[in-house]
Each structure stands twice: as structure tokens, then as C-alpha cells.
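Residues per chain, in single letters:
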Amino acid sequence: MRFASFRPGLLLLALATLRVPGGHAAPFDLAGPTLDIEVTRGARTLPIAQVPHLAAGDRISLKADLPPNESAHWLMVAAFLRGATNPPPEDWFFPCETWTPRCAREGLTLTVPQQAQQLLVFLAPQTGGAYRTLVDAVRGRPGVFVRTSQDLNQAALDHARLDAYLAAVRHLGEVDPAQLKEAVPLLSRSLAIKVDDACLGKMPVLQAPCLAQGGESLILDDGHAATLAAALTSGPASDLAMEASNTPQLKSGYYGPFIGSILDIARILDSLHTARYQYFPALTSMHGRQAALTLNAPPSFHDPKSVLVVALPAIEAPRFPSLHPVPAADLLCAGKSPLVLPVEGTAVVFATAYAHDATLRLTRKDGSSLELPAQADPARGGFVVSDPAAAASIPGGSASLHAQWGFDRYEGPTFRLTDAHAQTWSLAPGESADLIVGRPNTLHLRAESTSCLDEVTLVEAAAKTQKLEWKRVHPNEVEVTLPLQDASAGELTLRLAQFGHAEAQTLTLHAFAQAAHLESFTLHAGDTDGILRGNRLDEVRQLTFGGVPFAPGTLTVHDGRDELRMLAQPGTDTHALKAEDADVTLADGRSFKVKASVESPRPSAVLISKSVQWSGAGDSAVQLTDASELPLEARLTFSIHAQAPAAFSADDKLEVATTDGAFGTQLTVSAGQVMLQSRKVALVTLDPAKTLGASAFGPLQFRRIVDGVAGDWVPLVTLVRLPRFKGVDCAAEADTQCSLKGADLFLLDSVAADEDFTQATRVPDGFTATALRIPHPRQGKLYIRLRDDPAIVNVALVEVKAPPAAMDGMGSPGPEHLQAQDRSAPATVTAAGSEPATR
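None of the values given here were measured: they were computed from a predicted structure.

J.: For this particular structure, what's the right way to read the confidence of the model for the protein?
T.: Keep in mind that low pLDDT regions are not for reading the predicted coordinates in detail. On average, the protein scores 81 in pLDDT, and the residues at 70 or more come to 81%. In this model, residues 1-25 is a region of pLDDT below 50 whose contacts with residues beyond four sequence positions or in other chains number 75 contacts. In the model, residues 222-260 has pLDDT below 50 throughout and makes 75 contacts with residues more than four positions away in sequence or in other chains.

Printed below as a string of C-alpha cells:
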């Protein structure tokens, strides 16, 4: 007897939890003997693998295919059954001593009797009285063997589905792992097996091992339940069922139908256990004439001896498979190679050879027909036509699937065929031929049927071609992704190649630079400028609103979106404009609409008067000569008159800021900085050192803010910071420079002894010394330009310390010193006590 380990993949049937009465783990991993079986009905003979059922009158040729060196003597007994409550007659039992030359050569030839319903084959070690014991056991309890026959047949079919799935996965994993992602869902549908979708997310070379391992990947999904769920309630088999049900595999529902059948068989055969015999189920794997047996325990040749129980197809009326096209109303492309007829329904069609000699019958317009061979292929999800070129020669029409189901004629589903010549592609309704470069674009294309579409190619203006990804979203519509991230603007061409059609159809598209996204245009009544908001507004060339053209101005970005100032011609009257759509023209000539709104006039106020209170004026040597300048340490009070709205409210705000926006503050009534003289006039107090900080400088402006809307800026003053002078030291020699001492001298731009700055000393950036070389002051007066406002010349009165010989009666150098001074020499700026540096 040859017992070898069965293929490892078949160990994935989650049977490790099944136990035989002996209590040992019993996966079906032992290869048993092989039976050679043929069935003849009338004049036709078929191998057992093509016979889904038997019928009365069938002639069965049965023999054991044992090796020549087989040492065990096996008694083979074939027994017909006729129901659970009707014991079979003794002449329905047929023994064959396989060790004898005649039985080994001829086996058994059986004719199915009338009223027979099942056929079992027993293989038992030869002992005295073995045949009689088997006959008595079957006749004494026929119902046990009827149930065994039913469950073994069901288990064999489930086994075949799993075996077909594993074989297909392993084959694709070895030949082309990249096909697994497409083929496995079709295998799952064809064989009604659930798979672990997570496996398809792995890299291709790892998908096949993942899909072929663990019960999680092989869950039967055909809906039939375990046959013994309610019957396992007593005896040894009930303990077996309870033990198995507590395992993770059965709790999760893995292989429920398959294991249910095996548990059923185990319980039933356990009930037949005697001191001399124990019965073991044998699963059949049909291949042509061969029925290979798989065992879940090694047979015993000592008491109790093992009896192998084999079930052959039931004796019943034909039960044809239920197949239907997927999807039902879809058109199939006759020119596609290979031509696949997608079907789903009865899984055993794809797991067994019961459906054989399948053909696709095509009907011509003249009524004649053509039949083409077809073959079931679970990895393609249907029947594959062997000669698609012949099918392509018949334009359109219908076709039907026909096959032999065992000995019977099977009429399958009908399919609708089309060809590429009948397909005209166009953009789906609502789609535009205008595309945007710089990003992926998606298009939907339509035809009467998408089944003939083979390939979509993009041709750019420079004749550069690129194959595109596409997917079917409806029977008559596909979605195409165009990667235009690096494409150039211009004309594009889509080429659609179709099966069975040599020439590709073309569609012309237009690619533009990314269009500006326009959100809104806002204009305040009376303004000659408004704000256009959106993205990519750098492409805007012109905006026309109410017949008034606006040209682009300054472009800024706020909160991730563009704001483009649009300017009308100066003096344009915009008071009459009303809210409506404005027309925006881009640089490439495209025109878009944008919603335009006219807001109320901007808040405004006019400056009435202003005054400066400076407590340090008497202590400062600097005398400001221009009323527009405001020392940082001073306080400014100014009054304003409301224009629009014509009255102030307690909620109004006044914003004061430098013209560059670096420093600013908001003044309010509630904070006491704004006091209303009346509803029309307000007095404002500004302490710049406190509200703007010690580093604030430059021109100041103010504007009114009402309900969050800001008005136009109004010039106010120029904020300046002042240095502090301690005095001037001059040497006895009149031709030498003096030293100006003080603090914050870097706030000076330049210093001169005369108003015309003929010999000015310029202060460099970042000057940090406390003394500065300057020309001799005249009568203790210096002329200075402040760094914060260098356009204005101010005066500084300083105390000059010098020897009497070097000074005239007015505190200025004598004439002899003035004559000796070289007026053409360049001015120098140095810190006192250091060498002068020529500027």
C-alpha cells in the first residue's frame, strides 16, 4: 500500500481540529489508493471525472489501481443503496478480491439497478467473514451509509473547489505574480471562496504565499450550512463537535460547510465502530478515469481493522448548474482576444470536469450559426472561447453557451456581442475638452459599449506619447486619468485602440495653463480700485464691471489666497455701479465670470487740527523746525471730522500706523484714546512711545474703521527719534575738528556747521560711539538731519568748550583759523580719540 504525504497546500483545509474516534489529530494529508472508473450510458462512455450523477441502467467499470508490489490484500465491495429506511437486497453487493489476477485485471462491471439512489465502495483488509460483515452492517443500518454517501460527495466537491483555487494561485505565483491582483477576485467569484484582501496589498511576489496560507484566505462562501449542526447531540461525536467548535477556525466560520460534512461523517462512522472494524472516510479527487483517495488517518491492519468508505456520484435526475452573465446586460467584444464569457453561479462548474465539450454558438444575420469551443477558466472568471478571431468575423448579435453536463445536454446563458466597428467614442455629458496642465486631469468617455476598448494613449503637441490608465465605471463609460503635471499647454490627442479594429479613434483636447480661480470682486462705492480674490490671479489681464475696465495692480497673498488690486482710470465715477457679474479676461484669452459686489462707501474722516505736547522740549538741544515732525517722547493730540458715515459711534476704531506697516495701533473710545466732542467731531490722543514702542519711526497715517471695514489712509505726522547732546569740545588749533559728545548719536544722519551743509559730517550706519568728530560750530549752533526724516534740516544748540585763543568774541573760531581751514578737504567721521577715517 502506498501512503505518502499529500500536497502541503491541501493541508490548508482547516481540518487540524478534526479528530477521529482514536483521539488523534486527523488532517486529510494521506494519499490512499486510486480507483479507475468509467461510466457508460447508451453508446457513450465517460470518465468518472465528467459524471456529476448516475442513472438507472448506467454501466460502471470499476477496478482498484494498486501497485504491482502491493502486499496487503484488499477486499473491494461495491454496494447500491435505496434510501435510509429501505435496506438494499443482497444482490446489490458486488465483491472483488483485488489481489486475484482476474479482479486486478477486470475489476467490477456494474449496472445501476432501478430504484437505487447511492453507490458506495468499501475497501477492507481481507479477513475471514469480511464480506459478510460489510453486507450485514449496510443492510442493518442503511440510513447511516446513505448519510455518509451524501456528506462524502459534498465534502469532495468542497475539496475540489479549494484544490482548484490553490492550484490556480500557485500557478500564477510562479508564472506571473503581477496577474494575481486581477485574477484572485475572479477566482473568488468563480469558486465561491472568500480571500484575504490584505494579501493583494502586498508586493506581487508575496501575494501567492499569503493567499495560499491560513484558513483566513480560504473561507467557503457558497451559503450551504453544515449538515450535522443539529444532529451532533450525543455520543462520542458530540464531544468531537464541541471540541472542534471551540477552536478559532470553527468559531470564525472557516470551512463551515466542509468541516460540517466531515464531522457528520466522523460521527456516523464512529457509531459503526466494532471490536473488529472501524470505518474511515476517504475523499475523492477526480481526474479523468482516476478517483484518487485522500485519507485522514493511516489504515490499521490489526483489530479493529480499517474499512475505507468511498462515495461515488448519487443516482438521481440531473441537476443542471445555474449560470448567468456578469453583469447581465453587458455587451461583450467579439474581437477581444481572449474572448471571455463572464459568468457566475454554480462553483462546481469551475472546480470539476462535469461541464465538458462547451461551445459558444453564434447566430449570423442569415440565420446560420457558428459553434466555437469554450473552456471554463476560474482565473478569468468565465468560459474562454478558443477561437476569438472567428467570433470577430460575426458583427454584433447574440451568442449562447452550450455544454455537456455529464451525459446530458446543458443549455447555458445567452450573451450579447458587439464589435469595435460599431463603437464611436465621445466625451461623457458634462465633460469638457479643455484641460489644465500642472496637475492630473480626469475624463469620462462614452460609447455604446466599453468592452472593445484595449488601450488609451495620450499624444502631446510635441508628438510625445504616453499610455494612460483607465477603468470602467459603467457598461458604456470609462474613466481616464491624464497625468498633465509636466505637460505643456496646447492641443492634445487621445487615441483609443479597440480590439478587432486596426485604426484607433482619436479625440482632440485642449490643454491650458491652470486657470485662475476667481472667488469674488469687491468694490466700495466711489472707489476707483477694488479687490479681486482667488488663486493664480497673476494670469488676470483685465476685469470689466458695469462697462468700466479695471487693470491689475498690486498682487498680495492673504491666508493662502491671492488678492489682486484692480484699478480703474483715475477720475472714473463708480457710484452708479450695481452688484452683478464681472467679466475677467486671462492672459491666454480665456474669459470667466466672477461675482462682483458694491459695498457702501469706505469710512472716512478729515483732519481738522493737531498739536504737540512735549515735556522734554526745554531739556533737548534739538529744535525741530518743521511742524510735521513729532518727537517719539511727545504726545500728539489731533481732531477729525466724520465724513462717511457722517457720525462717529462708540464702536468706531481709529488705526494709526507707519506707512510701511511696521508699527501700528488701534485707538478706541472705550480705551480713552478717542473722545467724542460730538457725533461729528472726535479728539484723538496718541502717545507714540507707549503705543508704538521705542523703535517706531517714520511717517504716520490714520484711517477710520467701521464694522470691520477700513477706510483710506490719511497722512498725519512724521515720527522722529532724537539724540541727546552733552556738548562740544574743541582744541586750541582752529584747523582741527571738534568732538560732539552725547548719546544715541546713531539717530543722526549728518551734522554741519552751516545751513547749506557745505562741510557735513555723515554718520555711518551702526554708529555706537558717544563722541563724533564735527566741524567747529558757529556761535554754538549745529545744523542736523535726523535719520528718521533726513529731508528736514533741524537746529541744535550746544555748549562749545575751547581755549580762548581758539575762539573769537562770538564763540567761533577766529578769522585766521577760518582762512587756514581747507574747505575742499573731505569730511571725516570718527569717534573721539581715534584716527579719522575719510568718507
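Next, the rest of the story.
J.: Can you help me understand the sheet that holds strand β29 (residues 501-512) in this one?
T.: The strands that make up a sheet pair up through hydrogen bonds in the backbone, lying either parallel or antiparallel. Spatial ordering of the open sheet is given by β22-β29-β28-β24-β25, a layout of 5 strands whose pairing is mixed. Here the strands that pair on one side only, and so sit at the sheet edges, are β22 (434-436) and β25 (465-467). Each adjacent strand pair in this sheet contributes to an overall mean axis angle of 35°, direction not counted. One ladder, built from 3 bridges, connects strand β24 (residues 453-459) with β25; its direction is antiparallel. Paired with T457 across the bridge in β25 is K467.

J.: Is there a simple way to explain unusual backbone geometry in this structure?
T.: One can expect most non-glycine residues to show negative phi and most peptide bonds to be in trans. With an omega of -10°, the peptide bond between A644 and P645 qualifies as cis. When you line up the elements, P645 lands in the loop between β40 (635-644) and β41 (653-658). One non-glycine residue with positive phi stands out, namely D707, at about 55°. When you line up the elements, D707 lands in the loop between β45 (698-706) and β46 (709-710). Even without being glycine, Q779 reaches a positive phi, approximately 55°. As for its placement among the helices and strands, Q779 is situated in the loop between β52 (771-774) and β53 (781-786).

J.: It is not clear to me how the nonpolar core should be interpreted in this structure. Could you clarify?
T.: One broad trend across soluble globular proteins is that nonpolar side chains are buried collectively. Membership of the largest hydrophobic core comes to 42 residues, with the highest contact counts inside it found for Y165, L191, L341, L360 and F383. Tallying contributions element by element places helix α3 (residues 142-175) first for this core, with 8 residues. For L360, the contacting residues outside a window of four places in its chain are L339, L341, L370, E371, L372, V385, A399, S400, L401 and F415.

J.: What's the story with the pattern of salt bridges in this structure? I'm lost.
T.: One side chain can pair with another of opposite charge once the charged atoms of both are near each other. Counting across every chain of the model gives 32 salt bridges. Note that R319 is salt-bridged to E316, the shortest N-O span being 3.4 Å. Its salt-bridge partner being R602, residue D527 comes within 2.7 Å of it at the nearest N-O pair. Of this pair, D527 sits in the loop between β30 (517-524) and β31 (529-535) while R602 is found in the loop between β36 (591-599) and β37 (604-613), placing the two residues 75 residues apart along the sequence. In the salt-bridge network here, residues are joined through shared partners; they are D36, E38 and R289.

J.: Where do I start with the sheet that holds strand β18 (residues 382-385) in this structure?
T.: Taken together, the 8 strands give an open sheet; going across it, the order is β13-β15-β18-β17-β16-β19-β20-β14, and neighbouring strands pair in mixed fashion. The sheet is open, and its two edges are formed by β13 (323-325) and β14 (331-333), each paired on a single side. With direction set aside, neighbouring strand axes in the sheet form an average angle of 40°. In this structure, strand β17 (residues 369-377) lies alongside β18, joined through 4 bridges in antiparallel fashion. Note that in β18 the partner of D377 across the bridge is G382.

J.: Please clarify how the packing of α3 against helix α4 (residues 180-191) should be interpreted in this entry.
T.: Two quantities define a packed helix pair, namely the angle between the axes and the distance from one axis to the other. Two elements in contact, α3 and α4, have axes whose closest approach is 11 Å; the angle formed by their N-to-C orientations is 170°. On the basis of the axis angle, α3 is roughly antiparallel to α4. Contacts between α3 and α4 involve R161, A164, Y165, A168, V169, L172 and G173 from the first element and L180, A183, L187 and L191 from the second. Residue composition of the contact of α3 with α4, grouped by class: 9 nonpolar, 1 polar and 1 charged.

J.: What exactly am I supposed to notice about the environment of K690 here?
T.: Here K690 is to be found in helix α11 (residues 688-691). For K690, a relative accessible area of 73% translates into the label exposed. As for K690 and L632, which are separated by 58 residues in sequence, their C-alpha atoms are 9.3 Å apart.

J.: What is the right way to read the packing of aromatic side chains from this model?
T.: Pairs of aromatic rings are described using the distance from one ring centre to the other and the angle between the two planes. One pass over the structure, following the stated rule, counts 9 aromatic pairs. Aromatic pair F521 and F545: ring centres 5.9 Å apart, planes at 85°, arrangement edge-to-face. With a gap of 24 residues between them, F521 in strand β30 and F545 in strand β32 (residues 540-545) connect regions that are remote in the sequence. The exposure class assigned to F521 is buried, which follows from its relative accessible area of 0%. Note on F545: relative accessible area 0%, which makes it buried. Grouped by ring-pair contacts, the aromatic residues F122, F145 and Y279 constitute a single cluster.

J.: Is there a simple way to explain the pairing of strand β7 (residues 118-125) in this structure?
T.: For a regular strand, side-chain orientation follows a simple rule: the groups alternate between the two sheet faces. Burial of β7 is extensive: 8 of the 8 residues sit out of reach of the surface. Alternating residues of β7 divide into Q118, L120, F122 and A124 and L119, V121, L123 and P125, and every residue in both groups is buried. Examined bridge by bridge, strand β4 (residues 74-81) and β7 share 8 bridges and lie antiparallel to one another. Directly across from W74, in β7, lies its bridge partner P125. Two strands pair when backbone bridges link them, and β7 and strand β12 (residues 305-312) are joined in this way by 5 bridges, in the antiparallel orientation. Within the sheet, the bridge partner assigned to V121 lies in β12 and is V310.

The rules we used
- Within any chain, residue numbers begin from 1 and follow the written order of that chain's sequence.
- Per-residue local features of the predicted model are confined to residues with pLDDT of at least 70, and side-chain atom pairs are confined, for both listing and counting, to 80 or more; whole-chain, interface and lining totals are unaffected and use all residues.
- To obtain the side-chain values, all non-hydrogen atoms of the structure were included, while hydrogens and water were left out.
- pLDDT gives the predictor's per-residue confidence on a scale running from 0 to 100.
- Residue contacts are defined here by distance: any two heavy atoms, one from each residue, within 4.5 Å place the two residues in contact.
- Should DSSP find at least two bridges between two strands, the strands are taken to pair.
- The helix and strand labels rest on DSSP assignments: H or I over at least four residues marks a helix, E over at least two residues marks a strand, and numbering proceeds from the N terminus.
- The angle between two axes is taken between their N-to-C directions and runs from 0 to 180 degrees, where each axis is a line fitted to C-alpha atoms and a helix contributes only its stretch in contact.
- Each nonpolar core is a collection of buried residues, namely Ala, Val, Leu, Ile, Met, Phe, Trp, Tyr and Cys, held together in the definition by side-chain atoms within 4.5 Å.
- With a 1.4 Å probe rolled over the protein chains alone, any residue whose accessible area is under 20% of its type maximum counts as buried; one over 50% counts as exposed, and the rest are partly exposed.
- Only one rule defines a salt bridge in this text: a Lys or Arg side-chain nitrogen within 4 Å of an Asp or Glu carboxyl oxygen.
- Small angles under 35 degrees read as roughly parallel and large ones over 145 as roughly antiparallel, with 65 to 115 read as roughly perpendicular and the rest as oblique.
- Ten residue types, Ala, Val, Leu, Ile, Met, Phe, Trp, Tyr, Cys and Pro, are classed as nonpolar, four, Asp, Glu, Lys and Arg, as charged, and the remainder, Gly among them, as polar.
- Two rings belonging to Phe, Tyr or Trp (six-membered ring only in the last case) form a pair when the distance between their centres is within 6.5 Å. Interplanar angles under 30 degrees mark stacking, angles over 60 mark edge-to-face geometry, and anything in between is tilted.

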